[in-house]
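Survey of secondary and tertiary structure
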Amino acid sequence: MIISSCCPLNITVGSNSTPKPGFTLQLFTPLNVIFQDCWRPFFQSVVNLRAVTGHLLCGSHFVAKYFLSLQEFEFELVLSPEFVREPTVDMTNLNRLVQLRHLKLTGVDLIVQPVLGIMFHNLTRLESLSLIECSILTLEEDLSRDLHSLILIQVQSREEFSMLEGFPEPLTSLRYMEFFSPRLHCSCDNAWLDNWVRRQRQAQVIV
């Protein structure tokens, strides 16, 4: 199902019917999407969700915890100028998506997330993580702690960032690490990275 609009979307699911397993939902609007009745079975049937929107909410909360069957989730935050000063939406409940295999976040300011350290916890089945045009200060081991199945990580940051030496340690399945025009902060935090890349036999690092 594809829903596209130039206006804010307020979506009410009024039925208890459940679509066939494997349902795909795509949402496109430069403004907010707000779901109602998030306890309906419909949300459990969605395995692929792509949203190019402003905030993606159920009531006032980020919707992730209601789509518990998601295997692929792509979220691109596109705030129009009049929405730039809206309060930050806490996206911590991404860590409820324990079936997730592929996650792509675009344009998300991770710096302002209140508990970024646990946002990716419990995602033990995640195989690919893409952070595109996202703002982040530090990639550290607390973020990667549970990403044992991660094969690919892609990072394109708007700001200078650091990757601490402990970050790749839990990534036992990692095969590809891709940085797009990286702006690594010039500090001792990143001094280890060059030697780590040279020693790599498991993962291919692309800069």
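See above for the structure.
A few points on the structure. (Residues numbered from 1 in each chain as written. Predicted model: local features only at pLDDT ≥ 70, side-chain atom pairs only at ≥ 80, totals over all residues. Heavy atoms only, no water.)

Remarks on the overall build of the protein
The cut-off we apply is this: Runs of E in the DSSP output that reach at least two residues are strands. Runs of H or I that reach at least four are helices, and both are numbered from the N terminus. For every residue, the accessible area (1.4 Å probe, protein chains only) is compared with the maximum for its type, and the residue is labelled buried under 20%, exposed over 50%, or partly exposed between those bounds. Contact criterion: two residues are considered in contact whenever any of their non-hydrogen atoms come within 4.5 Å of each other.
Along its length, the protein carries three helices and 15 strands. Each of the 207 residues in the protein was classed as buried or not, and the buried ones make up 45%. Residue pairs at least 24 apart in sequence account for 65% of intrachain contacts in the protein once pairs closer than 6 positions are excluded.

Observations concerning the pattern of salt bridges
In a structure, side chains of opposite charge can pair up when their charged atoms sit close to one another. Inclusion rule: Salt bridge, as used here: a side-chain nitrogen of Lys or Arg that lies within 4 Å of a carboxyl oxygen of Asp or Glu.
Summed over the entire model, instances satisfying the criterion amount to four salt bridges. Across the pair D37 and R40 runs a salt bridge whose closest N-O atoms are separated by 3.7 Å. For D37, a relative accessible area of 26% corresponds to the partly exposed category. When its relative accessible area of 13% is taken as the criterion, R40 is described as buried. R145 is the partner of D146 in a salt bridge, and the nearest nitrogen-oxygen pair spans 3.2 Å. We classify D146 as buried; its relative accessible area is 11%. Note on R145: relative accessible area 41%, which makes it partly exposed.

Re the nonpolar core
For clarity, the cut-off: Among buried residues, the Ala, Val, Leu, Ile, Met, Phe, Trp, Tyr and Cys ones that are joined through side-chain atoms within 4.5 Å form a nonpolar core.
Formed by 56 residues in total, the largest nonpolar core has its most connected members in F35, L56, F73, F75, L94, L105 and F120. Each residue touching L105, except ones within four places of it in the same chain, is listed here: F75, M91, L94, F120, S130, L131, I132 and C134.

Regarding the sheet that holds strand β7 (residues 61–62)
Selection rule: Strands are treated as partners if at least two bridges between them are detected by DSSP.
Read across the open sheet, the four strands follow the order β2-β4-β6-β7; overall the sheet is mixed. Among the strands making up the open sheet, the edge pair consists of β2 (9–12) and β7. Bridge analysis of strand β6 (residues 56–58) against β7 gives two bridges, and the strand direction is antiparallel. Bridging across to β7, C58 finds its partner in H61.

Quick notes on the side chain of N95
Applicable threshold: Between N or O atoms, a polar contact is any pair within 3.5 Å; within protein, one atom must be a potential hydrogen donor and the other a potential acceptor, and residues adjacent in sequence are included only when both atoms are from side chains.
Mapped onto the fold, N95 is located in the loop between β8 (72–77) and β9 (102–106). Separated by 2.9 Å, the side chain of N95 and the backbone oxygen of I118 make a polar contact. Aside from chain neighbours lying at most four places away, what touches N95 is I118, M119, H121, N122 and L123.

Considering the environment of R96
Tracing the chain through its elements places R96 in the loop between β8 and β9. Once the C-alpha coordinates of R96 and K65 are considered, the two residues, 31 residues apart in sequence, prove to be 5.6 Å apart. In contact with R96, not counting residues within four places along its chain, are K65 and L68.

Digging into unusual backbone geometry
The phi dihedral of D37 falls on the positive side, at around 55°, and the residue is not glycine. In this structure, D37 sits in the loop between β4 (33–36) and α1 (42–45). Of note in this structure, N122 is not a glycine but carries a positive phi near 75°. In this structure, N122 sits in the loop between β9 and β10 (128–134). You can call N122 partly exposed: its relative accessible area is 37%.

Comments concerning the state of the cysteines
As a reminder, the rule being used: By disulfide we mean two sulfur atoms from cysteines, separated by a distance within 2.5 Å.
This model, assessed by the stated rule, comprises one disulfide. A sulfur-sulfur distance of 1.8 Å marks the disulfide that ties C38 to C58. With the S-S dihedral at roughly 120°, the linkage between C38 and C58 falls on the right-handed side. Residue C38 is located in the loop between β4 and α1, and its partner C58 is located in strand β6; the two are separated by 20 residues in the primary sequence. Judged by relative accessible area, which is 10%, C58 ranks as buried.

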